[in-house]
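Structure assessment
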Amino acid sequence: MNVIELDQSYVANTYRRFPLEIVSGKGSLVYDENGKEYIDMGTGIAVNTFGLCDPVWSSAVTLQMQKFQHTSNLYYTRPCAELAQLLCERTGMKKVFFGNSGAEANECAIKTARKYAKEKKGEDYYQIITLTGSFHGRTVTTLAATGQEVFHKEFLPLTEGFLYADPTNLSALTSLVESNKVAAILFEPVQGEGGVTALSHEFVAGMAALAKKHDILLIADEVQIGNGRSGKLYGYMNYGITPDIVTTAKGLGGGLPIGACMFGEKCEFTLGFGDHGSTFGGNPLACAGALSILQRLTDKFLEGVGKRSDYIFKKLSGARGVKSVSGMGLMIGVECDRPAAEIVAECREMGVLVLTAKAKVRLLPALNIPMDQLERAIDVLLTACAAKE
Ligand SMILES: *Cc1c(COP(=O)(O)O)cnc(C)c1O
């Protein structure tokens, strides 16, 4: 059997895969089973921050691999402690809990918010407000947090205690807060899976003020936009606010599974011994790799993210066949005249891998994609957008 037949016979049918087998990669170039080269504008969904087989990241992971690959959380390990330190120093957060995915980071934030509110306000203050169009994960609880009906309907009943607010209507959010017993507001600064839309500054400022006024924890889900992708280290930093909890995953690991839930001053001691845990959380390989990624996301480096972002926005805005361009930094949504699926297929034919988010084409290139490769990829996308069917 070829790999497609093998996969379709034995791997669960949860993914509609593209007809393409990836066999190797270097930086922002990937190669299929026939040796055809593609420019990677998806990075494994915002994971491969510095592309494939990045030498600095690879050597950090390899060096740790040669020492030891795993122990339990009953012992101290240096990569875990140093990564937590750097995350706190770069964000002003106070403590970090490590898991292995975005969903787990959000689960941790939700547990923390519930315990915080219970201790401060009482047993019945457990509601968590999330935004419509949001995406927070696939576990039963993070599905409940996800403000999109389509993900819910086959899996009811979900975890209770979630309320949904329209991310364009601050007065509706205000009345939701005032008429319920709320523990937290959970939001993505830039909604990813929901269609690559950045929240407005007015909405985020209003939400932060509300949270402060009512002593509600403000939780930023930075799983996709975090770790430099917005042009700042974390997406919330573009809004001049400070969340009480920041969750992240995807790009932090640079390709190995990691999730982080960072606690600010208000809730750094909320979780205590035995309240939460993870067998793999804080794994030394994942942490050593993540540390090498975070160390390189300097302000100087992030200027390059802004430069690449400006280039993409300028080239695509108003181009033939392009209706709109949305997002922030190197997380970009492109609304085209033609269906996104057709654009994705044509780009693939022409050697460029792009993603979709709802009806849009989604771009999530490596933060260090060489300019000449980026230019070629955008030219291909423009050709696909302008083509008549
Ligand atoms: C991908 C994503 C998640 C879920 O992350 P997993 O690692 O797949 O569990 C949560 N929140 C946002 C914003 C995401 O983009």
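Let us look at the structure shown here. (Residues numbered from 1 in each chain as written. Predicted model: local features only at pLDDT ≥ 70, side-chain atom pairs only at ≥ 80, totals over all residues. Heavy atoms only, no water.)

The immediate surroundings of the ligand are formed by Ser101, Gly102, Ala103, Asn106, Phe135, His136, Gly137, Glu188, Asp221, Val223, Gln224 and Lys250. One nitrogen or oxygen atom from the main chain of Gly102 is found 2.8 Å from an oxygen atom belonging to the ligand. Within the contact set of the ligand, a nitrogen atom lies 2.8 Å away from a side-chain nitrogen or oxygen of Asp221. Computed on the free molecule, the ligand has an accessible area of 380 Å², of which 81% lies beneath the protein chains in the complex. (Near = heavy atom within 4 Å. Polar contact = N/O pair within 3.5 Å; in protein donor to acceptor, adjacent residues only side chain to side chain. Areas by Shrake-Rupley, 256 points an atom, 1.4 Å probe, with all protein chains shown as cover.)

A separate point is helix α3 (residues 55-65). Every buried residue belonging to α3 is among Trp57, Val61 and Gln64, and all of these are buried. Taken end-on, α3 shows its buried residues confined to a sector of 65°, consistent with a single buried face. In α3, those exposed residues whose orientation departs by more than 90 degrees from the buried face are Pro55 and Leu63. A side-chain oxygen of the first residue of α3 lies 3.3 Å from the backbone nitrogen of Val56; this N-cap is Asp54. (Buried < 20%, exposed > 50% of the residue type's maximum accessible area, 1.4 Å probe, protein only. Helix = DSSP H or I, 4+ residues; strand = E, 2+ residues; numbered from the N terminus. Arc of directions from axis to C-beta.)

Counted under the stated rule, the structure contains 2 aromatic pairs. Ring geometry for Phe50 versus Phe301: centroids 5.2 Å apart, planes at 40°, classification tilted. Here Phe301 lies in helix α11 (residues 299-316) and Phe50 lies in the loop between α2 (43-46) and α3, a separation of 251 residues in the sequence. Classification of Phe50 by relative accessible area gives buried; the value is 5%. (Phe/Tyr/Trp six-rings, centres within 6.5 Å; stacked < 30°, edge-to-face > 60°.)

This part takes up the packing of α3 against helix α10 (residues 284-296). Taken N-terminus to C-terminus, the directions of α3 and α10 make an angle of 150°; their axes are 8 Å apart at the nearest point. Classified by the angle their axes make, α3 and α10 are roughly antiparallel. Taken as a pair, α3 and α10 cross one another with a handedness that is right-handed. Here α3 contributes Val56, Trp57, Ala60, Val61, Gln64 and Met65 to the contact with α10, which in turn contributes Pro284, Leu285, Ala288, Gly289, Ser292, Ile293 and Arg296. Of the residues assigned to the contact of α3 with α10, the class counts are 9 nonpolar, 3 polar and 1 charged. (Axes fitted to C-alpha atoms, helices over the stretch in contact; angles between N-to-C directions. Parallel < 35°, antiparallel > 145°, perpendicular 65-115°, else oblique. Left-handed = near helix turned anticlockwise from the far one by under 90°. Contact = heavy atoms within 4.5 Å. Nonpolar A, V, L, I, M, F, W, Y, C, P; charged D, E, K, R; others polar.)

As summarised here, the arrangement of the 4 strands in space is β13-β14-β17-β16, forming an open sheet in which the pairing is antiparallel. In this open sheet, the two edge strands, each paired with only one partner strand, are β13 (322-328) and β16 (355-357). Across the sheet, the mean angle separating the axes of adjacent strands is 30° when strand polarity is ignored. When β13 meets strand β14 (residues 331-336), the two strands line up antiparallel, connected through 6 bridges. (Pairing = 2+ DSSP bridges.)

Once that is clear, we can look at the pattern of salt bridges. Per the counting criterion, the structure on display carries 15 salt bridges. Asp54 is paired through a salt bridge with Arg296; the nearest N and O atoms lie 2.4 Å apart. Residue Asp54 is found in the loop between α2 and α3, and its partner Arg296 is found in helix α10; the two are separated by 242 residues along the sequence. Among the residues examined, Asp54 registers a relative accessible area of 7% and is labelled buried. With a closest N to O distance of 2.9 Å, Lys181 and Asp124 form a salt bridge. With Lys181 in the loop between α8 (170-178) and β7 (182-187) and Asp124 in the loop between α5 (102-120) and β5 (127-131), this pair connects stretches of sequence that are 57 residues apart. (Salt bridge = Lys/Arg side-chain N within 4 Å of Asp/Glu carboxyl O.)

The grouping of Met1, Leu6 and Tyr10 at the surface amounts to a nonpolar patch, some 390 Å² of accessible area in total. Relative to the helices and strands, Leu6 is located in helix α1 (residues 3-10). For Leu6, a relative accessible area of 40% corresponds to the partly exposed category. (Patch = residues over 30% accessible without salt bridge, like charges linked within 9 Å, V, L, I, M, F, W, Y side chains within 5 Å.)

These results come straight from atomic positions and should not be treated as a statement about function.
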